[in-house]
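# A structural walkthrough
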Amino acid sequence: GVAMMKLKSPPVNSLSLELLTEFAISLEKLENNRACRGVIITSSVPKIFSSGLDITEMCGKSVEHYTEFWRAVQEMWLRLYGSSMVTVAAVNGSSPAGGCLVALSCDYRIMAENPKFSIGLNEAQLGIVAPFWFKDTFVNVVGHRIAERSLQLGSLHPAPEAHKLGLVDELVPEEKLMEKAAAVMTQWLALPDHARQLTKTMMRKAVVDRLVAHREEDIKNFVTFVSKESIQKSLRMYMEMLKKRKS
Amino acid sequence: GVAMMKLKSPPVNSLSLELLTEFAISLEKLENNRACRGVIITSSVPKIFSSGLDITEMCGKSVEHYTEFWRAVQEMWLRLYGSSMVTVAAVNGSSPAGGCLVALSCDYRIMAENPKFSIGLNEAQLGIVAPFWFKDTFVNVVGHRIAERSLQLGSLHPAPEAHKLGLVDELVPEEKLMEKAAAVMTQWLALPDHARQLTKTMMRKAVVDRLVAHREEDIKNFVTFVSKESIQKSLRMYMEMLKKRKS
Amino acid sequence: GVAMMKLKSPPVNSLSLELLTEFAISLEKLENNRACRGVIITSSVPKIFSSGLDITEMCGKSVEHYTEFWRAVQEMWLRLYGSSMVTVAAVNGSSPAGGCLVALSCDYRIMAENPKFSIGLNEAQLGIVAPFWFKDTFVNVVGHRIAERSLQLGSLHPAPEAHKLGLVDELVPEEKLMEKAAAVMTQWLALPDHARQLTKTMMRKAVVDRLVAHREEDIKNFVTFVSKESIQKSLRMYMEMLKKRKS
């Protein structure tokens with residue numbers, strides 16, 4: 001009754017329009033499959049859980065493209081954060097920005113205890129702002145103060161620090177990660193589904209409803225923001241930097 | 001100026017309609033007694049603070065009975081959570097579900113440091129869902145993340161873990177519990193009543209108002225839920241299990 | 001690009017109408033100065049950061065005076081909490097009540113690790129109630145539970161306890177305080193201003209908007225409250241006590 005979703009989009013599991021769409025469709029299928037009660041999300045790319053939203057989708061594209069892309073980001077989150085399944089993130093690598101959002105949206109986060117792996121909503125470092133529903137999801141996990149500081153600094157927290165802040169629930173040696181994720185899943189699935197699902201909905205409804213109520217406005221904000229020449233310039237610079245770092 | 005309320009309804013201090021009604025009336029009398037500025041709530045039943053809502057009140061009864069019962073649960077909580085007195089819970093035994101709610105509604109929680117005693121909102125384990133105002137009370141004490149996880153898992157936390165999570169404020173050896181409760185009460189009563197009461201109201205008003213605004217709807221939800229054959233079945237099974245465990 | 005504001009109003013940096021007005025005007029000037037990106041707030045009075053609102057402004061004055069005073073308190077907070085600059089409090093002495101509010105309103109709090117220095121919203125000790133926006137600011141830093149307890153008890157937390165509660169972010173030896181504040185400022189200023197500012201606004205908007213929406217009502221509440229004979233009496237007694245303590 002447990003599915004495993006392995007993000008596999010080398011080199012860094014960027015959340016492209018295609019990957020996001022596949023992600024949301026897979027979640028929908030699992031959701032509609034009564035036999036499936038839980039899903040473990042992990043990466044099959046070494047050292048990276050997910051590098052977050054694919055910047056190439058936000059650079060030099062049309063307004064229509066930005067609109068479609070952002071709707072897909074929202075859709076993935078609405079499906080994952082509002083999932084009635086038990087969702088466990090087995091974070092086996094670094095997980096900045098949108099990658100961190102994926103982990104934060106699960107019911108439980110286990111991370112490989114490698115201090116070289118880091119996680120956080122580091123949007124501010126790129127000159128962009130995490131949307132309000134990224135922020136709401138973050139606040140629900142770590143509380144207002146830690147979120148305020150971490151978001152303003154665009155912090156990427158090494159695994160031990162992320163654990164200390166409550167951003168991840170548990171650290172385990174990398175080779176034990178999947179075993180631990182399975183054990184956690186078993187613990188959560190021991191509960192009767194219906195009561196657990198209603199409880200989850202009760203806890204997350206306010207934050208989900210807020211995006212649902214402001215979805216079109218949020219898309220418009222994103223498109224306006226990302227279309228600005230100054231933002232395009234910083235994104236291009238960031239991409240150049242990434243390319244240089246790789247070579 | 002300090003009253004002591006000892007829950008005494010063996011074998012496990014179940015919150016029956018009768019006990020809840022007495023509890024609310026006692027609180028009202030103390031509230032109206034100007035000489036009384038604080039109340040310590042504890043149990044005179046060994047090893048149990050309160051086992052929570054009396055399941056027999058929810059099993060095989062009429063809609064009218066369920067309605068009356070739920071109104072009494074609400075009434076007790078409104079009186080206790082909104083009390084202008086200083087309220088200290090001296091948790092001298094286990095305290096699941098509604099028993100935990102009683103402790104959470106006080107101003108301060110001291111628990112006997114016996115790891116065999118546990119406390120938590122474990123409703124999900126019984127296939128039922130903690131009402132939104134149980135959840136709100138819990139979130140106000142432990143924050144959103146701990147509440148989300150604990151409520152979904154229906155966790156009963158052993159005293160040391162409950163302390164670590166902030167569910168209780170302090171652990172003391174069982175024989176020192178009442179002495180410590182009295183000392184805490186003295187500390188809180190050192191403050192001028194009026195300023196302390198207004199401050200308490202300011203902190204708790206949003207959560208109290210939310211139930212007051214949705215009280216009839218909440219009763220209706222409870223009655224509909226508890227009247228379902230599937231829920232009746234799980235409650236009967238749970239009661240059978242408790243009976244077997246006893247014998 | 002970093003300004004330093006040193007509170008200098010001996011003997012205890014009371015926030016008088018004059019000091020509050022100067023404070024707000026200085027912040028406004030810095031805010032409008034594009035070259036200035038951050039401000040460090042500290043005290044040039046030994047052992048005291050700020051003793052909070054000046055009680056003489058609340059004692060035996062006219063309704064007009066109370067109104068003007070309270071508007072100045074609000075104005076200072078709106079400027080500081082909503083500042084688009086990076087604000088660091090270098091808390092080099094005790095900081096009760098309104099002094100604590102100044103520190104809480106900054107982006108980061110560093111305190112001298114002297115256990116004789118204490119900080120907290122101790123209004124309840126004086127028989128008065130912290131306004132809702134003091135409370136909201138506090139809850140955003142330390143969370144609901146710690147705020148509820150600390151406000152009801154009117155606690156003044158010694159530096160080590162304040163750090164443990166999250167009321168201050170860091171303790172350093174007094175002689176390292178300014179050096180550390182400068183280092184923190186450098187870290188925060190490494191982020192692009194625009195993204196950091198929008199993020200800060202997103203985090204603080206709800207609390208700022210709440211005062212803006214209820215500003216006149218809040219002034220009226222304060223004036224009514226402080227005009228009561230019983231409150232005037234406790235304030236006079238408190239001032240007598242302070243005078244005696246000094247001599």
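Residues numbered from 1 in each chain as written. Chains lettered and ligands numbered in written order. Predicted model: local features only at pLDDT ≥ 70, side-chain atom pairs only at ≥ 80, totals over all residues. Heavy atoms only, no water.

Quick note on the threshold: UniProt positions are given in the numbering used here, feature names are shortened, and annotations may be inferred rather than shown by experiment.
Chain A is annotated in an unreviewed UniProt entry as Enoyl-CoA delta isomerase 1, mitochondrial of Sterrhoptilus dennistouni. Here is the UniProt Pathway (unreviewed entry) comment for chain A, exactly as written: "Lipid metabolism; fatty acid beta-oxidation." Turning to chain A, the UniProt record has this under Subcellular location (unreviewed entry): "Mitochondrion matrix".

### What to know about the overall build of chain A
Put simply, the test is: Numbering of helices and strands starts at the N terminus; helices are DSSP runs of H or I of at least 4 residues and strands are runs of E of at least 2. The quantity called the radius of gyration is restricted to C-alpha atoms. Its globule counterpart is 2.2 Å times the number of residues to the power 0.38. Think of it in three bands: residues with accessible area under 20% of the maximum for their type are buried, residues over 50% are exposed, and the middle band is partly exposed, with areas taken using a 1.4 Å probe on protein chains only. Any two residues having at least one pair of non-hydrogen atoms within 4.5 Å are treated as being in contact. Working definition of accessibility: Shrake-Rupley area with a 1.4 Å probe, residue cover restricted to the visible protein chains. For the charge count, each Lys or Arg is scored as positive and each Asp or Glu as negative, with His and the chain ends excluded. Just so you know, the charge point we use is NZ for Lys, CZ for Arg, CG for Asp and CD for Glu.
Secondary structure assignment for chain A yields 10 helices and 11 strands. Computed over the C-alpha atoms, the radius of gyration of chain A is 17 Å, within 12% of the 18 Å expected from 2.2 N^0.38 for a compact globule of 247 residues. Considered along the principal axes of its C-alpha atoms, chain A spans approximately 50 × 40 × 35 Å. Expressed as a percentage of the 247 residues in chain A, the buried residues total 57%. Contacts in chain A between residues at least 24 apart in sequence constitute 78% of all its contacts with a sequence separation of at least 6. Accessible surface, chain A: about 10,500 Å² in total, of which carbon and sulfur atoms supply 56%. Distance between charge centres in chain A, computed from 31 positive and 27 negative side chains, equals 3 Å.

### Let's talk about the interface of chain B and chain A
Let me state the cut-off plainly: Summed over both partners, the accessible area (1.4 Å probe) lost when two parts come together is defined as the buried area. Salt bridges are counted wherever a side-chain nitrogen of Lys or Arg sits within 4 Å of a carboxyl oxygen of Asp or Glu. What qualifies as a polar contact is a pair of N or O atoms within 3.5 Å, subject to a donor-acceptor requirement within protein and to the restriction that residues adjacent in sequence count only when both atoms come from side chains. Amino acid classes used here: Ala, Val, Leu, Ile, Met, Phe, Trp, Tyr, Cys and Pro are nonpolar; Asp, Glu, Lys and Arg are charged; the rest, including Gly, are polar.
Across the boundary between the two partners, chain B contributes 20 residues, which contact 19 residues of chain A. The junction of chain B with chain A conceals about 1,800 Å² of combined surface from both sides, 62% of it contributed by carbon and sulfur atoms. Between the two partners, chain B and chain A, sit three salt bridges. Here R145(B) ties to D169(A) by a salt bridge, and the two come within 2.9 Å at their closest N and O atoms. Linking chain B with chain A are seven residue pairs in polar contact (both at pLDDT 80 or more). For the side of chain B that touches chain A, the secondary-structure elements that each account for two or more residues are α4 (132-142) and α5 (144-153) of chain B. Ranked by residues supplied to the side of chain B that touches chain A, first place goes to α5(B) with eight residues. Of the residues in the side of chain B that touches chain A, the class split is 11 nonpolar, five polar and four charged.

### Quick notes on the interface of chain C and chain B
Contacts between the two partners involve 20 residues from chain C, matched on the other side by 19 residues from chain B. Counting each side, the surface lost to burial between chain C and chain B is near 1,800 Å², with a carbon and sulfur contribution of 63%. In terms of surface lost to chain B, no three residues of chain C exceed R145(C), Q152(C) and L153(C), which account for 40% of the buried area on that side. The interface formed by chain C and chain B holds three salt bridges in total. Connecting chain C to chain B are six residue pairs in polar contact (both at pLDDT 80 or more). Taken together, the elements giving at least two residues each to the side of chain C that touches chain B come down to α4 (132-142) and α5 (144-153) of chain C. No other element matches the eight residues that α5(C) contributes to the side of chain C that touches chain B.

### Overview of the packing of helix α5 (residues 144-153) of chain A against helix α8 (residues 193-213) of chain C
Counted only if it meets this: Between the N-to-C directions of two axes lies an angle of 0 to 180 degrees, each axis being a line fitted to C-alpha atoms and, for a helix, fitted only over the stretch in contact. The scheme is simple: roughly parallel for angles under 35 degrees, roughly antiparallel for over 145, roughly perpendicular for 65 to 115, oblique for anything else. If you view the pair so one helix is near and one far, a crossing is left-handed when the near helix is turned anticlockwise from the far one by less than a right angle, and right-handed when it is turned clockwise.
Orientation of α5(A) relative to α8(C), taken along the N-to-C sense of each, is 165°, at an axis distance of 9 Å. Taken together, the axes of α5(A) and α8(C) lie roughly antiparallel to each other. Handedness of the crossing formed by α5(A) with α8(C): right-handed. When α5(A) is examined against α8(C), the residues H144(A), A147(A), E148(A), L151(A) and Q152(A) are found in contact with a partner set consisting of R196(C), T199(C), K200(C), M203(C) and R204(C). Looking at the contact of α5(A) with α8(C) residue by residue, the classes come out as three nonpolar, three polar and four charged.

### Section: the sheet that holds strand β10 (residues 157-158) of chain B
Residues and elements named next belong to chain B. Under the convention used in this document: Should DSSP find at least two bridges between two strands, the strands are regarded as paired.
Taking strand neighbours across the sheet as the criterion, the four strands line up as β4-β7-β9-β10 in an open arrangement whose pairing is mixed. Unpaired on one side and paired on the other, β4 (47-48) and β10 mark the two borders of the sheet. Bridge analysis of strand β7 (residues 93-96) against strand β9 (residues 118-120) gives two bridges, and the strand direction is parallel. Of the residues in β9, the one forming a bridge with P96 is G120. Lying over the sheet, helix α3 (residues 97-104) contacts β7 and β9, oriented at roughly 100° with respect to β7.

### Section: empty space enclosed by the protein
Applicable threshold: Here the term cavity refers to a set of points on a 1 Å grid, laid over the protein atoms alone, in which a 1.4 Å probe fits but cannot get out; the term pocket refers to an open set having protein on both sides within 12 Å along at least five of seven lines, with lining residues being those that place an atom within 4 Å of a point. Grid points are joined across faces, edges and corners, and a volume is the space filled by probe spheres set on the points.
Scanning all chains against the criterion turns up three cavities of 30 Å³ or more. Contributing to the lining of the largest cavity are H144(A), R145(A), E148(A), Y81(C), L104(C), R109(C), N140(C), V141(C) and R204(C). At the level of secondary structure, the elements contributing two or more residues to the lining of the largest cavity comprise α5 of chain A together with α4 of chain C. Considering every element that reaches the lining of the largest cavity, the biggest residue donor is α5(A), with three residues. For the lining of the largest cavity, the residue count by class is three nonpolar, two polar and four charged.

### Examining the pairing of strand β6 (residues 86-91) of chain B
Residues and elements named next belong to chain B. Counting buried positions along β6 gives six out of six residues, so the element sits mostly inside the fold. On β6, burial covers both faces: V86, V88 and A90 on one face and T87, A89 and V91 on the other are all buried. With four bridges joining them, β6 and strand β8 (residues 108-112) adopt parallel strand pairing. Counterpart to A90 in the pairing with β8 is I110.

### Comments concerning the relation of the copies chain C and chain B
We count it as follows: A least-squares fit on C-alpha atoms brings the copies together, and the residues used are those whose pLDDT is at least 70 in both copies.
Turning chain C through 120° and shifting it by 0.0 Å along the axis lays it on chain B, with an RMSD of 0.0 Å. With respect to symmetry, the two chain copies, as superposed, fit the operation of a three-fold axis. In terms of C-alpha distance to the rotation axis, chain C has G143(C) as its closest residue, with the C-alpha 4.3 Å off the axis.

### Some details on the nonpolar core
All names here are of chain B. The test is simple: Buried residues of nine kinds, namely Ala, Val, Leu, Ile, Met, Phe, Trp, Tyr and Cys, make up a nonpolar core once their side-chain atoms join them within 4.5 Å.
F23, I41, W77, V88, W133 and F134 are the most contacted members of the largest nonpolar core, which has 88 residues in total. When residues of this core are assigned to their parent elements, the largest contribution, 10 residues, is made by helix α2 (residues 63-81). Non-local contacts of W77, meaning those with residues more than four positions away in its chain, are made with G82, L101, S105, W133, T137, V207, V208 and L211.

### Thoughts on the pattern of salt bridges
By the definition in use, this model includes 54 salt bridges over all chains. For E75(B), the salt bridge goes to R79(B), with nearest N and O atoms at 3.7 Å. Linking E75(B) with R79(B), this pair stays in helix α2, spanning four residues, or about one helical turn. On the basis of relative accessible area, E75(B) is assigned to the partly exposed category, the value being 26%. Linked through salt bridges whose partners overlap, the residues forming this network are D107(A), R109(A), D169(A), K200(A), R204(A), R145(B), E148(B) and R149(B).

### Focus on the packing of helix α1 (residues 17-32) of chain A against helix α2 (residues 63-81) of chain A
Residues and elements named next belong to chain A. In contact at an axis separation of 9 Å, α1 and α2 are set at 30° when each is read in the N-to-C sense. Accordingly, the angle class assigned to the pair α1 and α2 is roughly parallel. For the pair α1 and α2, the crossing hand works out as left-handed. Across the interface between the two elements, L17, L20, T21, F23, A24, L27, E28 and E31 of α1 pack against H65, E68, F69, A72, V73, E75, M76, R79 and L80 of α2. Its residues placed into classes, the contact of α1 with α2 shows 10 nonpolar, two polar and five charged.

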